[in-house]
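Spelled out from the first residue to the last, the chains are:
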Amino acid sequence: MIIDCHGHYTTAPPQLGEYREAQQEALALDPDHVGERGTIDISDDELIESLEANQLRLQRERGIDFTVFSPRASWMGHHIGNEHTSRFWSEHCNDIIRRICDLYPDNFAPVCQLPQSPGAGIESSVRELRRCVEEMGFVGCNLNPDPSGGNWTGPPLFDPYWHPLYEAMCELDVPAMIHVSATCNPHFHSTGSHYLGADTTAFMQALTSGLFRDYPSMRWVIPHGGGAVPYHWGRFKGMAEENAASGWPSLDELMGNIFFDTCVYHQPGIDLLVDVVPTDNILFASEMVGAVKGKNPDTGEYYDDTKRYVERADLTDEQRITIFERNVQRVYPRLVVPAPDPESVSS
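Residues numbered from 1 in each chain as written. Predicted model: local features only at pLDDT ≥ 70, side-chain atom pairs only at ≥ 80, totals over all residues. Heavy atoms only, no water.

### A word on the side chain of H78
Next, step 1: Structurally, H78 is set in the loop between β2 (66–71) and α4 (83–103).
Next, step 2: A polar contact of 3.0 Å, which involves the side chain of H78, links it to the side chain of N144. (Helix = DSSP H or I, 4+ residues; strand = E, 2+ residues; numbered from the N terminus. Polar contact = N/O pair within 3.5 Å; in protein donor to acceptor, adjacent residues only side chain to side chain.)

### Here's the deal with the sheet that holds strand β5 (residues 176–178)
Sheet strands line up and pair through hydrogen bonds in the backbone, either parallel or antiparallel.
Next, step 1: Spatially, the eight strands line up as an open sheet ordered β1-β2-β3-β4-β5-β6-β7-β8, and their pairing is parallel. Strand pairing shows two members of the sheet lacking a second neighbour, β1 (3–9) and β8 (282–283), which therefore form its edges.
Next, step 2: The sheet contact formed by strand β3 (residues 108–113) and strand β4 (residues 140–143) spans three bridges and is parallel. Bridging from a neighbouring strand, C112 pairs with C141 of β4.
Next, step 3: This element, α4, spans β1, β2 and β3 of the sheet and lies at about 175 degrees to β3. (Pairing = 2+ DSSP bridges. Contact = heavy atoms within 4.5 Å. Axes fitted to C-alpha atoms, helices over the stretch in contact; angles between N-to-C directions.)

### Comments concerning the pattern of salt bridges
Next, step 1: With the rule as written, the count across this model stands at 21 salt bridges.
Next, step 2: Put simply, R99 and D44 hold a salt bridge, and the shortest N to O gap is 2.8 Å. Here R99, found in helix α4, pairs with D44, found in helix α2 (residues 44–52); they are 55 residues apart in sequence, far enough to count as distant.
Next, step 3: Residue classification places D44 among the partly exposed positions, given a relative accessible area of 36%.
Next, step 4: Of the charged contacts in the structure, one is a salt bridge between R308 and D305, with a shortest N-O distance of 2.6 Å.
Next, step 5: On the basis of relative accessibility, which here comes to 34%, the residue R308 falls in the partly exposed class.
Next, step 6: Salt bridges here are not isolated pairs; linked through shared partners, they connect R37, R87, E91, D95, E128 and R131. (Salt bridge = Lys/Arg side-chain N within 4 Å of Asp/Glu carboxyl O. Buried < 20%, exposed > 50% of the residue type's maximum accessible area, 1.4 Å probe, protein only.)

### Here we look at the packing of aromatic side chains
Next, step 1: Per the stated rule, a full pass over the model turns up 12 aromatic pairs.
Next, step 2: Between Y166 and W220, the ring centres sit 6.4 Å apart and the planes meet at 55 degrees, which makes this aromatic pair tilted. Here the residue Y166 occupies a position in helix α6 (residues 163–172), and W220 occupies one in strand β6 (residues 220–222), the gap between them amounting to 54 residues.
Next, step 3: The buried category is assigned to Y166, whose relative accessible area is 0%.
Next, step 4: Consider the rings of F212 and W220, whose centres lie 5.0 Å apart with planes at 70 degrees: the pair is edge-to-face. W220 matches F212 in its accessibility class, with the two residues each being buried.
Next, step 5: Connected via pairs of aromatic rings, a cluster forms that spans Y9, F69, Y104 and F108. (Phe/Tyr/Trp six-rings, centres within 6.5 Å; stacked < 30°, edge-to-face > 60°.)

Okay, here's the thing in structure tokens:
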């Protein structure tokens, strides 16, 4: 079973974007605009069409059995609007993900975005997490460590501000993928520097704070291969050792709660990841259809076809099964995957 832990609905029908554009137009006239939740008229046939030509086609072509699926990360846009508009937007996006998983229960499991907003409390996010998990069967959430969109004006991840959300995550036994959204800061490129920098920042905030000692059952998935962490493993390991007396956890201790995915788009990057990071802390992922959609001219293969890289890496068969299947199910215990197709197994 090949389980991709990192998929986004990046191919939605235009009605979803039109709803968001209408919100933004109203906010441009009045930053305190609340408005109404309203409706988005997207038929099941339109959802099916948007998926069959994209994510489902690639699943079949690349041999991926199942995807943990969430709203488009760059569209979360927590820096846009206020807690009310963010709530309406997040509810619509999450409801669509639930519909997709109902249409394709053998292909997708739902993960929610949270209605975060700069300067707002975390209570709305806790409510949406509970709604999604308890009422709609979601298996995790995407947590934005910087809802300001690249300005980093909010509290760090070890601040007590986040504690109600962490408590809910532990109670519900769901992990968070630590995933920023688009940036409004011209110093950063969203999917290049902002995403990868945020991944590294989240890891560093966990390392310097020891916050998992207060939440020992909480689990984070840091995407995009963990940002700079695997490449600079020795730096982080050495810093942790030198600051142990100040309460920093060791990397071994931190690996009880933090996991990395395989959204790394070249073979040497995956080779380094699996050589440096413990196998039990690596989850297979591709993030297709996402930041890099084209083919590598040097290989003739798609950059985001990460299954190929894991298959070619210097791993035992047991390690590959652990990365492709077991780790995802362990980190997302609410995940229920379909039984393998007997015909595909026999073939």
